[in-house]
Amino acid sequence: MPAITLYNYDLDENSFRVRLMLAMLKLEHATIAIDMFPGQEQTRPAMLAINSQGTLPVLVDGDLTLAGTEAILSYLAKAYDPARTWLPEDAAGFGRVQGWLHFSATMLENAKQARLQALFDTPGDETALRAAARKAFRIMDDHMTARHFDGADWFVGDKPSLADLTLFPSFALSRDFGIDHDEFPALRLWIRKFRALPGFFTMPGIPDYH
Amino acid sequence: MIEHKSWIPVALSTALEPGTSAGTLVGGGELVVWRDTRGAAHVWEDRCPHRGMRMSFGFVRGDHIACLYHGWQYDTAGQCQYIPAHPTLDVPKTIKVPTYTAAEKGGIIWAAPSSEAAEAAIPVEDGEVVPVRSIYIDRPFAAVLAALTNANIPAFTGDTAPRFETIADGIVIVSTGADRLLIACQPFNPTRTALHLVIQGSAETYGGAGQKHFARWAETFRLLLETASTPVAEVA
């Protein structure tokens, strides 16, 4: 049994973020399937005993149990990426990556909610969620437009970081909730680069072919 | 098919790598813009005749584009050549995606939505260009165009006020300071318009900082138009 265990739901994009990180760091791990929809198993007593927040994903590594996608990604990068590319050591690079992790947890939450509503009929104002998701994608597209002028391919620095990893799924899955990629040319170029990284794989909603 | 009498800009040339595709709209009609692996650009109706899936979700292999659903492959003339579920089938000639004439000029990919348009010349000069960006604005074509030709576009080099020359419907040459911009407007759908911006100049002068300068202007222009409570021509 590997030391790392991931509590996972295959259609949950936050679980996919952690699955991607584990694959890109080539980390052996066990996966435990949790019935998020329709069962909401993550909010039942057995799972609350592991993660009192009642959220997915949850990562267990030896004595450490972690919830919160951004925390899990940061931990894995810190613990298992000795080259320090996914979470840069230098203060400015670290700050910038944290900035995008924050963006992913806040502005992109609208995209995550819009998708869950489209797939599972969860509550929320559909029009408002989609508009807010589109606004977030515009911010990302404007950023990558400017980055391309500097000859840069990634959101921060000259290598892929947690910024790219955490932003990728919401945009790649946007067609699930009716936002096409038509209006985001810089993001189209960027996801193509991201898909070519070693260890990359897809989840349902992201085409295998490209 | 969409009826337009002139060439329509649909993307910046640099936005489409060989072997990739992108969806777009002209007048609300869905188009796929794709580039084969030899580098030629194609513009088609964005609809697989089989199940109506958008071809822009599909994938390019060599000089064929394939539908994501069932892998039906089409050649550069839009003719279906291969159906994976029936590998030995001689595919009927009737299975064909409607195509538009496509061309690249001045850093932009253009589509001719009618034979009348295809016979005309693209109203843009050849010469060195530096791409800026495409920007999508939630305002109708006429409103964007009215605001554009009154816009305050600060120069990157020099300081004279902008002058506007409309060389075709929605195709504007802006001279500001010592700079020359081509702004080509795409009627996306009834409420949304795309602008494709290129600098007519050298990468040595405009690469990096010059591109950022005009990209920032475009983003400000979008914000002004979309947040304007007064008629857009007065604020932009």
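Structure's up top.
Heads up: these notes are all about the structure in this document. The structure presented is a predicted model; accordingly, all values stated were derived computationally and were not measured. (Residues numbered from 1 in each chain as written. Chains lettered and ligands numbered in written order. Predicted model: local features only at pLDDT ≥ 70, side-chain atom pairs only at ≥ 80, totals over all residues. Heavy atoms only, no water.)

### Considering the nonpolar core
In terms of nonpolar packing, the biggest core is built from 54 residues, with Leu 76, Phe 137, Met 140, Phe 155, Phe 168 and Trp 190 of chain A touching the most fellow members. Of all elements in the fold, only strand S1 (4–8), helix H1 (13–24), helix H3 (69–80), helix H4 (91–105), helix H5 (109–120), helix H6 (126–149), helix H7 (162–172) and helix H8 (185–195) of chain A reach the threshold of two or more residues within this core. Looking at which element gives the most residues to this core, the answer is H7 of chain A, with seven residues. A domain-level breakdown of this core finds at least three residues from each of domain 1 (4–80) and domain 2 (91–195) of chain A. What Leu 76 of chain A contacts, discounting residues up to four positions off in sequence, is Ile 4, Val 18, Met 21, Leu 22, Leu 25, Leu 27, Leu 59 and Asp 81 of chain A. Core analysis: the second largest hydrophobic core is formed by 27 residues, Ile 137, Ala 147, Ala 215 and Phe 221 of chain B among them. (Core = buried A, V, L, I, M, F, W, Y, C linked by side-chain atoms within 4.5 Å. Buried < 20%, exposed > 50% of the residue type's maximum accessible area, 1.4 Å probe, protein only. Helix = DSSP H or I, 4+ residues; strand = E, 2+ residues; numbered from the N terminus. Domains from an automatic or database assignment. Contact = heavy atoms within 4.5 Å.)

### Describing the side chain of Gln 200 of chain B
Residues and elements named next belong to chain B. Secondary-structure assignment places Gln 200 in strand S15 (residues 192–200). Judged by its relative accessible area of 18%, Gln 200 is buried. With near-sequence residues (within four places) excluded, Gln 200 lies in contact with Val 124, Glu 128, Val 129, Ile 173, Arg 180 and Leu 182.

### Notes on the sheet that holds strand S4 (residues 41–45) of chain B
Residues and elements named next belong to chain B. Spatially, S1-S10-S9-S4-S3-S2 is the arrangement adopted by the six strands of the open sheet, whose pairing is antiparallel. Looking along the sheet, the strands with just one partner apiece sit at the ends: strand S1 (8–12) and strand S2 (20–26). Averaged over all pairs of adjacent strands, the angle between strand axes in this sheet comes to 30°, irrespective of strand direction. Of the pairings in the sheet, the one linking strand S3 (residues 29–35) to S4 comprises five bridges and is antiparallel in character. Bridge pairing in S4 links Trp 34 to His 42. (Pairing = 2+ DSSP bridges. Axes fitted to C-alpha atoms, helices over the stretch in contact; angles between N-to-C directions.)

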